[in-house]
Amino acid sequence: MSQMSFGGIHTEEKLQVLEKYLAAYQTVLKNTGFETIFFDAFAGTGEIPVETGGLFQDVEEAEPFIEGSARRALAVDPPFSSYVFVEKSKRKAAQLERLRADFPKLADRIEIERADANAAIQEFCQRTD
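If you're wondering where the values come from, they're calculated on a predicted model, not measured in any experiment.

About the criteria used
Residues numbered from 1 in each chain as written. Predicted model: local features only at pLDDT ≥ 70, side-chain atom pairs only at ≥ 80, totals over all residues. Heavy atoms only, no water. Helix = DSSP H or I, 4+ residues; strand = E, 2+ residues; numbered from the N terminus. Buried < 20%, exposed > 50% of the residue type's maximum accessible area, 1.4 Å probe, protein only. Contact = heavy atoms within 4.5 Å. Pairing = 2+ DSSP bridges. Expected span 1.5 Å × (residues − 1). Arc of directions from axis to C-beta. Polar contact = N/O pair within 3.5 Å; in protein donor to acceptor, adjacent residues only side chain to side chain. Axes fitted to C-alpha atoms, helices over the stretch in contact; angles between N-to-C directions. Phe/Tyr/Trp six-rings, centres within 6.5 Å; stacked < 30°, edge-to-face > 60°.

Peer 1: Just give me the short version of the environment of Gly-46, but keep the residues and values in it.
Peer 2: One can find Gly-46 in the loop between β1 (37-40) and β2 (47-49). Residue classification places Gly-46 among the buried positions, given a relative accessible area of 3%. Put simply, Gly-46 and Ser-69 are 23 residues apart on the chain and 6.5 Å apart in space, counted from C-alpha to C-alpha. Setting aside residues up to four positions removed in sequence, Gly-46 forms contacts with Glu-67, Gly-68, Ala-70, Arg-71 and Leu-96.

Spelled out as structure tokens, the structure:
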């Protein structure tokens, strides 16, 4: 089960821009020796449900979900040094845990925190200072 529906076409557009930015960012930094960390304070579940009513409701090939920012970040090549996904909801955080199985080569780089975003950001900044 995924998170509750939100956003719209602007959400998909935002995620496409994010995906392109992350790929460019990682490409530029790949030979610098920098440690790169993807931090998502509102990680959700890794996927976003798409409403399937109307014209395409009977199309079997239609994807009922679009990939969220966590899933898109994990698919970027070259990969980040580490990934921190923050989600307050116990249910959503449990779904994020499944990303380890979907990205086994990156599993040891994925950290999932069940926490309030504001507290997690402050703690992350102190830890990486």
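Peer 1: Any details on the pairing of β1? Residues and values, ideally.
Peer 2: Every second residue of β1 is oriented toward a common face, the buried set being Phe-38 and Asp-40 and the non-buried set Ile-37 and Phe-39. One ladder, built from 4 bridges, connects β1 with strand β4 (residues 82-86); its direction is parallel. Looking across to β4, one finds that Phe-38 is bridged to Tyr-83.

Peer 1: Explain helix α1 (residues 9-29) to me, and be specific about the residues and the numbers.
Peer 2: Taking 1.5 Å of rise per residue, 21 residues should cover 30 Å, and α1 covers 31 Å from first to last C-alpha, within 8% of that figure. Every buried residue of α1 is accounted for by Thr-11, Glu-12, Leu-15, Leu-22, Gln-26 and Leu-29. The arc that holds every buried residue of α1, seen down its axis, measures 135°, which confines them to one face. Exposed residues pointing more than 90 degrees away from the buried face of α1 are listed as Ile-9, His-10, Val-17, Lys-20, Tyr-21 and Val-28.

Peer 1: With reference to specific residues and values, describe helix α5 (residues 117-127).
Peer 2: Among the residues of α5, Ala-117, Ala-120 and Phe-124 are the ones counted as buried. The arc that holds every buried residue of α5, seen down its axis, measures 60°, which confines them to one face. Along α5, exposed side chains directed more than 90 degrees from the buried face belong to Asn-118, Gln-122 and Gln-126. Buried residues belonging to α5 abut β1, β4 and β5 (110-113). At the N-terminal end of α5, a side-chain oxygen is found 3.1 Å from the backbone nitrogen of Asn-118, two or three residues along, and the residue is Asp-116.

Peer 1: Please set out the sheet that holds β5 residue by residue, giving values where relevant.
Peer 2: Taken in spatial order, the 3 strands make up an open sheet running β1-β4-β5, and their pairing is parallel. The outermost strands of the open sheet, each flanked by one partner alone, are β1 and β5. On average, each strand axis in the sheet is tilted by 10° relative to the strand beside it, whichever way the strands run. Summarising the sheet, β4 and β5 pair through 4 bridges and their orientation is parallel.

Peer 1: So, unusual backbone geometry: which residues are in play, and what are the values?
Peer 2: Among all residues except glycine, the phi angle is most often negative; among peptide bonds, the trans geometry is most common. Residues Asp-77 and Pro-78 are joined by a peptide bond in cis, for which omega reads 5°. Relative to the elements of secondary structure, Pro-78 occurs in the loop between α2 (69-75) and β4.

Peer 1: Before we move on, can you summarise the packing of aromatic side chains with the specific residues and values?
Peer 2: Within the structure shown, the criterion is met by 7 aromatic pairs. Here Tyr-25 and Phe-80 contribute two aromatic rings whose centre-to-centre distance is 6.3 Å and whose plane-to-plane angle is 20°, an arrangement assigned as stacked. A residue pair is termed long-range when its members are at least 10 positions apart, and Tyr-25 in helix α1 and Phe-80 in the loop between α2 and β4 qualify at 55 residues. The class for Tyr-25 is partly exposed, based on a relative accessible area of 34%. Overall, the relative accessible area of 2% leaves Phe-80 in the buried class.

Structural measurements only, silent on function.
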